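Now for the letters of each chain:
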Amino acid sequence: MSPDEIVDGQLAAYNARDLEGFLGYYAEDVPVHAFPSGEVMTDRSGPAFRERYATLFATSPDLHAELVSRVVHGRLVIDQEVVTGFMGDGVRTAVALYEVGEDRIEKVWFAV
């Protein structure tokens, strides 16, 4: 699969709140970084990644992310999204940068 197909797959699994499908698109101990600082977000990386999304999917029945724009540059994919239903909250915007390996997302940066 191409990098954008891998990112598309994780987005579809996110919208379906399919935890195992979603996790299958990520490296096992995926690091999640704050952008632009690059600081590792320990509450969202590695083992915490599964816990965070298990809780999110279980508590957000109306969760949905709509892709607004995408830039693909080699193995990097940058998505801008509008997210609704996040923990019962209103609408929020999100920007994520994914570094994609041969078959999985290996690193993530979130604009915070």
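Residues numbered from 1 in each chain as written. Predicted model: local features only at pLDDT ≥ 70, side-chain atom pairs only at ≥ 80, totals over all residues. Heavy atoms only, no water.

Student: Explanation requested: the pairing of strand β4 (residues 92-100) in the structure shown.
Tutor: Here is the key point about a regular strand: its side chains alternate between the two faces of the sheet. Across eight bridges, the pairing between strand β3 (residues 76-84) and β4 is antiparallel. Residue pairing across strands places leucine 76 opposite glutamate 99, the latter belonging to β4. With five bridges connecting them, β4 and strand β5 (residues 105-111) associate as antiparallel partners. What sits directly across from alanine 96, in β5, is phenylalanine 110. Linking two consecutive strands that pair antiparallel, namely β4 and β5, is a turn of four residues. (Pairing = 2+ DSSP bridges. Helix = DSSP H or I, 4+ residues; strand = E, 2+ residues; numbered from the N terminus.)

Student: Looking at this model, I keep getting lost on helix α1 (residues 3-15). Mind explaining?
Tutor: One full turn of an α-helix is made of 3.6 residues, so residues set three or four places apart face in the same direction. Its 13 residues give α1 an end-to-end C-alpha distance of 19 Å, which sits within 8% of 18 Å, the value for a rise of 1.5 Å per residue. Along α1, the residues that are buried comprise Pro3, Ile6, Val7, Gly9, Gln10, Leu11, Ala13, Tyr14 and Asn15. Packed against the buried residues of α1 are α2 (19-23), α3 (47-59), β2 (64-73), β3, β4 and β5. One or two residues past the end of α1 sits arginine 17, with phi positive at roughly 55 degrees. (Expected span 1.5 Å × (residues − 1). Buried < 20%, exposed > 50% of the residue type's maximum accessible area, 1.4 Å probe, protein only. Contact = heavy atoms within 4.5 Å.)

Student: Sorry, what's going on with the layout of surface pockets here?
Tutor: Over the atoms a probe the size of a water molecule is rolled, and this reveals where empty space is left. Counted as a void, the largest pocket has a volume near 410 Å³. Along the wall of the largest pocket there are 20 residues; nearest its centre are Arg44, Tyr53, Phe86, Ala94 and Phe110. Residue assignment for the lining of the largest pocket shows that the elements contributing at least two residues are α1, α3, β3, β4 and β5. In terms of residue count, the dominant contributor to the lining of the largest pocket is β4 (five residues). (1 Å grid on protein atoms, 1.4 Å probe; cavity = no way out; pocket = protein on both sides within 12 Å on 5 of 7 lines; lining within 4 Å. Points joined across faces, edges and corners; volume = space filled by probe spheres on them.)

Student: When you look at the pattern of salt bridges in this model, what are you seeing that I'm missing?
Tutor: Scanning all chains against the criterion turns up three salt bridges. As a salt-bridge pair, arginine 70 and aspartate 8 come within 2.6 Å of each other at their nearest N and O atoms. Residue arginine 70 is found in strand β2, and its partner aspartate 8 is found in helix α1; the two are separated by 62 residues along the sequence. Overall, the relative accessible area of 23% leaves arginine 70 in the partly exposed class. (Salt bridge = Lys/Arg side-chain N within 4 Å of Asp/Glu carboxyl O.)

Student: Help me understand the nonpolar core in this model?
Tutor: Looking at soluble globular proteins, one finds that nonpolar side chains tend to be buried together. Counting residues in each nonpolar core, the largest one holds 28 residues, and the members touching the most others are Tyr14, Phe22, Tyr53 and Tyr98. Only α1, α2, β1 (32-35), α3, β3, β4 and β5 provide two or more residues apiece to this core. At five residues, the largest contribution of residues to this core is made by α1. Sequence-distant contacts of tyrosine 53, that is, excluding residues within four places in its chain, are made with Tyr14, Leu19, Phe22 and Phe110. (Core = buried A, V, L, I, M, F, W, Y, C linked by side-chain atoms within 4.5 Å.)

Student: When you look at the packing of aromatic side chains in this model, what are you seeing that I'm missing?
Tutor: Where two aromatic rings form a pair, the distance of their centres and the angle of their planes describe that pair. The full count for this structure, using the stated rule, is 10 aromatic pairs. A centroid spacing of 6.0 Å and a plane angle of 55 degrees characterise the contact between tyrosine 53 and phenylalanine 57, whose relative ring orientation is tilted. Of this pair, tyrosine 53 and phenylalanine 57 both sit in helix α3, four residues apart, which is roughly one turn of the helix. Pair check on accessibility: tyrosine 53 and phenylalanine 57 agree, each one buried. Put simply, the rings of Tyr14, Phe22, Tyr26, Phe49, Tyr53 and Phe57 touch in pairs and so form one group of aromatic residues. The ring of phenylalanine 86 has arginine 92 sitting right over it, with the charged end atom 4.0 Å from the ring centre. (Phe/Tyr/Trp six-rings, centres within 6.5 Å; stacked < 30°, edge-to-face > 60°. Lys NZ or Arg CZ within 6 Å of the ring centre and 35° of its normal.)

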